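Residue-level structural notes
Each chain, written out:
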Amino acid sequence: MRKILLLAMAMALFFPLNAMAAYPEKPITIIVPSKAGGSTDTSARLFIKAAKKYWPKAEFVVKDVSGSGGLKGFEEIARAKPDGYTIGMVFTTQIVAHIVSKRAHYALDSFHIIGNAMQDPLIVAVPEKSPIKNLDDLIKTAKAKSMTAAVNGIGSDDFVAAKKFEQQTGVKFNLLPTKGSTEQKAMILGGHIDASFMNLSQLQAQHKAGKARIIAILADKRSEILPDVKTAAEQGYPVSMTATRGFVAPAGISKDIAAKLDDLLQKVNKDPGFIADTDKGVLFRLPMTGPEYLAYLKKLQAETQKFYDQNPW
Amino acid sequence: MSRRVAEVLLLSGFLVLAVLLFRSTASYPESVQGSTAMYVRFLGAALGLLCTLELIFTLKKRRDDDNPPEKMNIAVNPVRFWGLFLLLVIYCAALSTLGFYLTSILFLPVSMVLLGARKPLTIVLTSGGVLLFVYFIFARLLEVSLPMGTLF
Amino acid sequence: MILQALHALFTPVSLFAVFIGTTSGVIVGGMPGLTATMAVALLIPVTFALEPLTGLLLMGGVYCGAMYGGSIPAILLRTPGTPAAVATAIEGYPMTQQGKGGLALKVSVVASFTGGTFSTLILLMIAPALATFALTFGPPEYFLLALLGLAGIVSMADDENRLIKALISGFIGLVLAVVGTDPISGMLRYTMGVTDLFDGIAFMPALIGMFSLSQMLELTGTKQVVDEAAIETTKKFKREPLPKGISKPIWLGSLIGTVIGILPGEGATIAAFVSYNVARRRSKNPQLFGKGSPEGIAAAEAGNNGCVGGSLVPTLTLGIPGNSVAAALLGGLLIHGLVPGPELFTTYGVMTYAFILSLFIANVIFLLLGLFMAPYFARISMTPTNMLIPVVCLFSVLGAYAMNNSITDVFISLLFGLAAIILQKTGFSLGALILGLILGPIAETGFAQALIIGHGSYSIFFTRPQALALWVIIILLLITPMIQIYRQSKQEQKEQTNG
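The rules behind each value
Residues numbered from 1 in each chain as written. Chains lettered and ligands numbered in written order. Predicted model: local features only at pLDDT ≥ 70, side-chain atom pairs only at ≥ 80, totals over all residues. Heavy atoms only, no water. Helix = DSSP H or I, 4+ residues; strand = E, 2+ residues; numbered from the N terminus. Rg over C-alpha atoms; globule rule 2.2 N^0.38 Å. Buried < 20%, exposed > 50% of the residue type's maximum accessible area, 1.4 Å probe, protein only. Contact = heavy atoms within 4.5 Å. Areas by Shrake-Rupley, 256 points an atom, 1.4 Å probe, with all protein chains shown as cover. Buried area = accessible area lost by both parts, 1.4 Å probe. Salt bridge = Lys/Arg side-chain N within 4 Å of Asp/Glu carboxyl O. Domains from an automatic or database assignment. 1 Å grid on protein atoms, 1.4 Å probe; cavity = no way out; pocket = protein on both sides within 12 Å on 5 of 7 lines; lining within 4 Å. Points joined across faces, edges and corners; volume = space filled by probe spheres on them. Nonpolar A, V, L, I, M, F, W, Y, C, P; charged D, E, K, R; others polar. Axes fitted to C-alpha atoms, helices over the stretch in contact; angles between N-to-C directions. Left-handed = near helix turned anticlockwise from the far one by under 90°. Right-handed = clockwise from strand over helix to strand, strands pointing away. Core = buried A, V, L, I, M, F, W, Y, C linked by side-chain atoms within 4.5 Å. Patch = residues over 30% accessible without salt bridge, like charges linked within 9 Å, V, L, I, M, F, W, Y side chains within 5 Å. Phe/Tyr/Trp six-rings, centres within 6.5 Å; stacked < 30°, edge-to-face > 60°. Lys NZ or Arg CZ within 6 Å of the ring centre and 35° of its normal. Expected span 1.5 Å × (residues − 1). Arc of directions from axis to C-beta. Polar contact = N/O pair within 3.5 Å; in protein donor to acceptor, adjacent residues only side chain to side chain. Disulfide = S-S within 2.5 Å.

1. What about the overall build of chain B?
Per the secondary structure count, chain B includes five helices and zero strands. At 24 Å, chain B has a C-alpha radius of gyration far larger than the 15 Å of a compact globule built from 152 residues. Dimensions of chain B along its principal axes, counting C-alpha atoms only, are 60 × 55 × 25 Å. The 152 residues of chain B split such that 39% are buried. Intrachain contacts of chain B at a sequence separation of at least 6 include 62% that bridge at least 24 residues. Accessible surface computed for chain B: about 8,900 Å², of which carbon and sulfur atoms make up 70%.

2. Some details on the overall build of chain C
A count of helical and extended segments in chain C gives 23 helices and two strands. Since a compact globule built from 499 residues should have a radius of gyration of about 23 Å, the 22 Å found for chain C is in line with a globular shape. Seen along its three principal axes, the alpha-carbon backbone of chain C occupies a region of about 75 × 60 × 50 Å. Buried positions account for 67% of the 499 residues belonging to chain C.

3. Details of the environment of glutamate 183 of chain A
Within the secondary structure layout, glutamate 183 of chain A lies in helix α7 (residues 181-190). Taking the C-alpha atoms as reference, glutamate 183 of chain A lies 9.1 Å from alanine 150 of chain A; in sequence the two are 33 residues apart. Setting aside residues no more than four positions away along its own chain, glutamate 183 of chain A makes contact with Thr178 of chain A together with Gln449 of chain C.

4. Regarding the interface of chain C and chain B
Of the residues lining the interface, 61 residues belong to chain C; the matching set on chain B comes to 67 residues. Here chain C meets chain B over a buried area of about 5,600 Å², counting both sides, of which 82% is carbon and sulfur. Linking chain C with chain B are two salt bridges, by the criterion used here. Lysine 165 of chain C is paired through a salt bridge with glutamate 7 of chain B; the nearest N and O atoms lie 2.7 Å apart. Going through the elements one at a time, α3 (36-49), α10 (163-176), α11 (203-219), α19 (385-404), α20 (407-425) and α21 (430-453) of chain C are the ones with two or more residues in the side of chain C that touches chain B.

5. Overview of the domain arrangement of chain B
In terms of domains, chain B is made up of domain 1 (3-60) and domain 2 (78-141). Put simply, the middle of domain 1 of chain B and the middle of domain 2 of chain B, counted by C-alpha atoms, are 40 Å apart.

6. Here's the deal with the pattern of salt bridges
Per the counting criterion, the structure on display carries 19 salt bridges over all chains. Note that lysine 53 of chain A and aspartate 271 of chain A form a salt bridge whose closest N and O atoms lie 2.9 Å from each other. In this pair, lysine 53 of chain A sits in helix α2 (residues 39-54) while aspartate 271 of chain A sits in the loop between α9 (255-270) and α10 (272-280), placing the two residues 218 residues apart along the sequence. With a relative accessible area of 2%, aspartate 271 of chain A lands in the buried category. The partner of arginine 3 of chain B in a salt bridge is glutamate 7 of chain B, with the nearest N and O atoms 2.9 Å apart. Placement of the pair is arginine 3 of chain B and glutamate 7 of chain B together in helix α1 (residues 3-24), with a separation of four residues, close to one helical turn.

7. Concerning the side chain of serine 293 of chain C
Inspection of the secondary structure assignment puts serine 293 of chain C in the loop between α14 (267-282) and α15 (294-318). Judged by its relative accessible area of 1%, serine 293 of chain C is buried.

8. Quick look at empty space enclosed by the protein
Residue and element names in this part refer to chain C. Throughout the structure, instances matching the rule amount to two cavities of 30 Å³ or more. The volume enclosed by the second largest cavity comes to roughly 40 Å³. As for the second largest cavity, its lining consists of Leu56, Leu316, Leu333, Leu338, Leu344, Met351, Thr352 and Phe355. Top element by residues in the lining of the second largest cavity is helix α18 (residues 349-378). It accounts for three residues. Class assignment of the residues belonging to the lining of the second largest cavity gives a composition of seven nonpolar, one polar and no charged.

9. Structural notes on the packing of helix α13 (residues 247-262) of chain C against α14 of chain C
All names here are of chain C. Where α13 contacts α14, the two axes come as close as 9 Å, and the packing angle between them is 145°. Crossing handedness for the pair α13 and α14: right-handed. On the side of α13, the interface is formed by Lys248, Pro249, Leu252, Gly253, Ile256, Gly257 and Ile260, while α14 contributes Gly267, Ile270, Ala271, Val274, Ser275, Val278, Ala279 and Arg282. The residue makeup of the contact of α13 with α14, split by class, is nine nonpolar, four polar and two charged.

10. Observations concerning the pairing of strand β2 (residues 60-64) of chain A
In terms of burial, β2 of chain A is a largely internal element, four of the five residues being buried. In the classification by handedness, the crossover that spans strand β1 (residues 28-32) of chain A, the intervening α2 of chain A and the parallel β2 of chain A is right-handed.

11. Topic: the nonpolar core
Core analysis: the biggest nonpolar cluster contains 237 residues, and Phe100 and Val134 of chain B together with Ile168 and Phe395 of chain C have the highest contact counts within it. With residues near it in sequence (within four places) discarded, phenylalanine 100 of chain B still touches Tyr91, Leu95, Leu131, Val134, Leu146 and Pro147 of chain B together with Leu394 and Leu398 of chain C.

12. Considering a nonpolar patch on the surface
On the surface, a nonpolar cluster with roughly 450 Å² of combined accessible area is contributed by Val472, Ile475, Leu476, Ile479 and Ile483 of chain C. As for its placement among the helices and strands, isoleucine 479 of chain C is situated in helix α23 (residues 465-498).

13. Some thoughts on the packing of aromatic side chains
Considering all chains together, one arrives at 35 aromatic pairs over all chains under this definition. Both rings, one in tyrosine 135 of chain B and one in phenylalanine 136 of chain B, keep their centres 5.2 Å apart while their planes meet at 75°; by these two values the pair is edge-to-face. One Lys or Arg, lysine 26 of chain A, reaches over the ring of tyrosine 85 of chain A and ends 4.9 Å from the middle of that ring. A cation sits over an aromatic face here: lysine 165 of chain C above phenylalanine 428 of chain C, 5.3 Å from the ring centre.

14. Side note on the environment of methionine 187 of chain C
Looking at where methionine 187 of chain C falls in the secondary structure, it is placed in the loop between β1 (180-181) and β2 (188-189). Methionine 187 of chain C gets classed as buried once you look at its relative accessible area, which sits at 16%. When the C-alpha positions of methionine 187 of chain C and isoleucine 407 of chain C are compared, they lie 24 Å apart, and in sequence the two are 220 residues distant. Residue contacts for methionine 187 of chain C: discarding those within four places in its chain leaves Arg103 and Trp313 of chain A, Tyr28 and Pro29 of chain B together with Gly180, Thr181 and Asp182 of chain C.

15. Let's talk about α1 of chain B
Residue and element names in this part refer to chain B. The end-to-end C-alpha distance of α1, which contains 22 residues, comes to 31 Å, matching closely the 32 Å that a straight helix rising 1.5 Å per residue would cover. For α1, the complete set of buried residues consists of Ala6, Glu7, Leu11, Phe14, Ala18, Leu21 and Ser24. Down the axis of α1, the buried set is contained in an arc of 145°. They therefore lie on one face. Seen from the buried face of α1, the exposed residues on the opposite side, beyond 90 degrees, are Leu9, Leu20 and Arg23.

16. With respect to the side chain of lysine 165 of chain C
When you line up the elements, lysine 165 of chain C lands in helix α10. Sequence-distant contacts of lysine 165 of chain C, that is, excluding residues within four places in its chain, are made with Glu7 and Glu54 of chain B together with Thr426, Gly427 and Phe428 of chain C.

17. Focus on the packing of α9 of chain A against α10 of chain A
Residue and element names in this part refer to chain A. Direction vectors running N to C along α9 and α10 enclose 60°, while the axes themselves pass 5 Å from each other. Contacts from Val268, Asn269 and Lys270 in α9 reach Pro272, Phe274 and Ile275 in α10. Of the residues belonging to the contact of α9 with α10, the class tally is four nonpolar, one polar and one charged.

18. Section: unusual backbone geometry
Across the chain, the bulk of peptide bonds are trans and the bulk of non-glycine residues have phi less than zero. The linkage connecting threonine 92 of chain A with the following residue, threonine 93 of chain A, adopts the cis geometry, with an omega of 0°. Within the secondary structure, threonine 93 of chain A is located in the loop between β3 (86-91) and α4 (94-100). Phi angles above zero are rare outside glycine, and tyrosine 190 of chain C is one such case at about 55°. By the element assignment, tyrosine 190 of chain C lies in the loop between β2 and α11.

19. Re α21 of chain C
All names here are of chain C. Across its 24 residues, α21 extends 35 Å between first and last C-alpha, which sits within 8% of the 34 Å expected from 1.5 Å per residue. Where burial is concerned, most of α21 is hidden: 23 out of the 24 residues are buried. For α21, the N-terminal capping position is held by serine 429, with its side-chain oxygen 3.1 Å away from the main-chain nitrogen of alanine 432. Taken from the residues just after α21, histidine 455 is the one with a positive phi, measuring 50°.

20. What about the state of the cysteines?
For the coordinates displayed, the defined rule picks out zero disulfides over all chains. For the unlinked cysteine cysteine 64 of chain C, the closest cysteine sulfur is that of cysteine 307 of chain C, found at 12 Å.

Written as structure tokens, this is what we have:
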């Protein structure tokens, strides 16, 4: 009995050291805090495909933990054992919105930020038959009558974008929260609402097919897939907002492993195969290193806090 | 407990629930007092009304003196019924500490014996077969993540 | 173009892809908690390596197969593999108990096949025109659609579950559906701080608890699922002909399923319940409903499979996915640079038409599979309960967990299981409760959104033509049972005064 105990203790002491030397020696779980088949899920699977090139022996498993606007997944990443075998994806603004609304059992420093990979800029869209052609028209109309604008849920990137836009331009929308972007799309295409704040990837196909009109993209520069759509800044309203999708690990992982993961993401971000795949999948890249992404998240949290204080949800 | 008493108890419970629900809508934000709060108020009011009606009907219906009151019979075989329920509760509670495979390898044979299975070979083969099936189809092929233990 | 599409489809690789997709779809659909969405998501990275068409064929097969697969455990074990199979469980399981499980399976596969084929035909012929129709549905119409589904509660009332009790059960379901996040203000309500409840009570675990676990607990008192007297009938099942009178509900179901499937949203479950309800209203043997009516199975299965083709209409023509499986499929299309819209039917027509045509093949595959396997599946109901119960319990627990990777959901499932037994013994209706739980969020969101769009005025529910049409259907559906109930209560009164 005693021998067994000793052996167990020896193994317990020995294994972590050993594990570190050969990391990764067992499958790495990537927690995706959204539904299977969504764009975050697809990003994770494309990342794995590219990562295998650099870590040929490593195995990755995607675990979709959807629900509560990503909250369940974010919490699971923060709670995970910091041994490098569980990492996860986060997306904005939800990751900070939950902290701001005091629902999260985590804070930004519960994570080691590996870096950012993807983004999806916000857009302003109107129905095909709408007389509104640009932001000036929109603001003029909104000042004259109450306009209904759809956002995907409260505290989402759409919501924060709409609030930012209201603040910049002094208009006030009759905000309609929806469940998911599908509802937003159906309402824009069916002309049930006057405008919608949503992500570029969600409506670019409909814009190309002429079924809806994107009147502004809330980014610093125009998008390559829709070069005819002006940015908000070009139209005189410097509102910029994007949804980022990055990678994190639970705080407290060892420096060696953290460095390895950081390095892997940077390599994948530059990988030509990965770039080709994301272009095909209409996903937009926004490579950021860990420190850059952390600074970005902190700034976003402060901004979201401001909106929450004005109008809590 | 007779079925009538159980019904009255349940209905009173629902009535209390309806009242609480109705009253809770006062604390909804001002912006939704006309929309979602209204909806919830309607649910509370309708449920309360229906429960009151049914309560009146149940209490008014006089008991037939010829028939003895109908017994509330939850389980035909109480030992197996509650035994299985208890096993299920333990099983679910143990999932998050012991992990899926270990708890299942205990749960399957124990519940089989509880329910009257006596052939050791059948029990072992069925339990093993089910777990192998789960491993290959769920874990390997479909990459479903099974409950993991925190102990290991 | 159709010829070219056929040419592309009838290659060994393509046919094999359809076959594999459909078969795995049936398996995935048959396991409670495993969803077609999961399988399609797994396929997305695989499709990068494959020819675009092969990937799409795989996904289409999974979609068709899974919708049918959900009915198999629903009939045999009262364990719906998908939420859309609840109505099938209500009618199919009593048939199994009567030793007619094999027949129920046959009815279900034939109905699924007809519904699936019909809706695919519609998709092939008049997709773009239908999509435009779907877009005219806004929040007020979705609210009324939910009401239309809820009208089914009245149908759940029969001799054992009186109308008031059925209504109470429905409202309890609606109240439970309120738990979670307020859809408009984002406020949390009645969640008690449990993160797993922020999105509301997940209905698949609740369903597994109420139908599957509760049934397994009930079965502890018996030796077999099948009634002792009916064991011989189960054994004899070989070439029993399909029951008469199921063709009408099948066509009704196919039509209703296709129409509801076209509307983006939680299509299949509503479609199954609405067709079930309509079939019950129009049946010549309404007394059989709730006690094992083949007509009920036929309507429900034709309804939910009718949604498959229907939901692809807005997906392909407008890029608005009808449900989460269609959403994942849409992802697969976009990856290959296929933009939903008119181009899909012209420039990329060969691939699109090959995909649509493959759905026919997928339907044929599961029809053959279902007919061939029915007698073997039916034997499952002959397994002694001391082996069956632990195994089904394990898969139920696993299914409740796998839906959202949550242990809380497993306990919710257990709680609902016990509650279901108590409610059933006191004469409440489980079907009505589930209907309320599933449709509650749609009703509430539609109601509140419509009021926002209408700037707070209720007139929005009565001024739009589509809304008015829905009101008429709802009233028509409610009139017949109301008259029936009125007559019944009058008769009872007469008997009482006479006696």
